[in-house]
Amino acid sequence: PQVDPREAINKLQAQNDAINKRINVLENRVKDARTTAVAKRKAKDERGALNALRQMKMYEQELKKLDGQSAVLQQQQMMIESTHFDVGVVSGMKDASKNIE
């Protein structure tokens, strides 16, 4: 079954938008965890500070993964757009060559 390139591009864009929203949420959580870790350290709560740092590290790892996924989606979107454009160029060249004959 043939898939409309515009539909595929729109789906990729929607998925990339969802990933970007998730990235923003996680960035805020990293800030909060860092703030919590500093506050707990000042309050001499070493265990709480370590837990907050672990949580921050977990969020940062998830951010790294999401950044990679976003890059892959953007690359796929660009490849589909390029291929769709190339098909149009080849089609135009075929039509032009038919008119010359």
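Residues numbered from 1 in each chain as written. Predicted model: local features only at pLDDT ≥ 70, side-chain atom pairs only at ≥ 80, totals over all residues. Heavy atoms only, no water.

Draft legend 1. Structural view of the pattern of salt bridges. Taken as a whole and assessed by the stated rule, the structure comprises six salt bridges. Here Arg 6 makes a salt bridge to Asp 4, at a shortest N to O gap of 3.5 Å. On the basis of relative accessibility, which here comes to 31%, the residue Asp 4 falls in the partly exposed class. For Glu 62, the salt bridge goes to Lys 65, with nearest N and O atoms at 3.7 Å. Residue Glu 62 and its partner Lys 65 are located together in helix H2 (residues 46–100), separated by three residues, close to a single helical turn. (Salt bridge = Lys/Arg side-chain N within 4 Å of Asp/Glu carboxyl O. Buried < 20%, exposed > 50% of the residue type's maximum accessible area, 1.4 Å probe, protein only. Helix = DSSP H or I, 4+ residues; strand = E, 2+ residues; numbered from the N terminus.)

Draft legend 2. The side chain of Asn 16, seen in detail. In this structure, Asn 16 sits in helix H1 (residues 5–42). Using a relative accessible area of 3% as the deciding quantity, one classes Asn 16 as buried. A polar side-chain atom of Asn 16 sits 2.7 Å from a polar atom in the side chain of Ser 70. Sequence-distant contacts of Asn 16, defined by excluding residues within four places in its chain, comprise Ser 70, Leu 73 and Gln 74. (Polar contact = N/O pair within 3.5 Å; in protein donor to acceptor, adjacent residues only side chain to side chain. Contact = heavy atoms within 4.5 Å.)

Draft legend 3. How the structure looks around unusual backbone geometry. We note that Lys 44 has phi near 65°; this positive angle belongs to a residue other than glycine. Looking at the element boundaries, Lys 44 is found in the loop between H1 and H2. Lys 44 gets classed as exposed once you look at its relative accessible area, which sits at 67%.

Draft legend 4. Main features of the nonpolar core. Among the nonpolar cores identified, the biggest contains 11 residues, and these are Leu 12, Ile 19, Ile 23, Leu 26, Val 30, Ala 33, Met 56, Tyr 59, Leu 63, Leu 66 and Leu 73. Listed by contribution, the elements that provide at least two residues to this core are H1 and H2. Ranked by residues supplied to this core, first place goes to H1 with six residues. Contact partners of Met 56, with chain neighbours within four places excluded, come to Val 30, Ala 33 and Arg 34. (Core = buried A, V, L, I, M, F, W, Y, C linked by side-chain atoms within 4.5 Å.)

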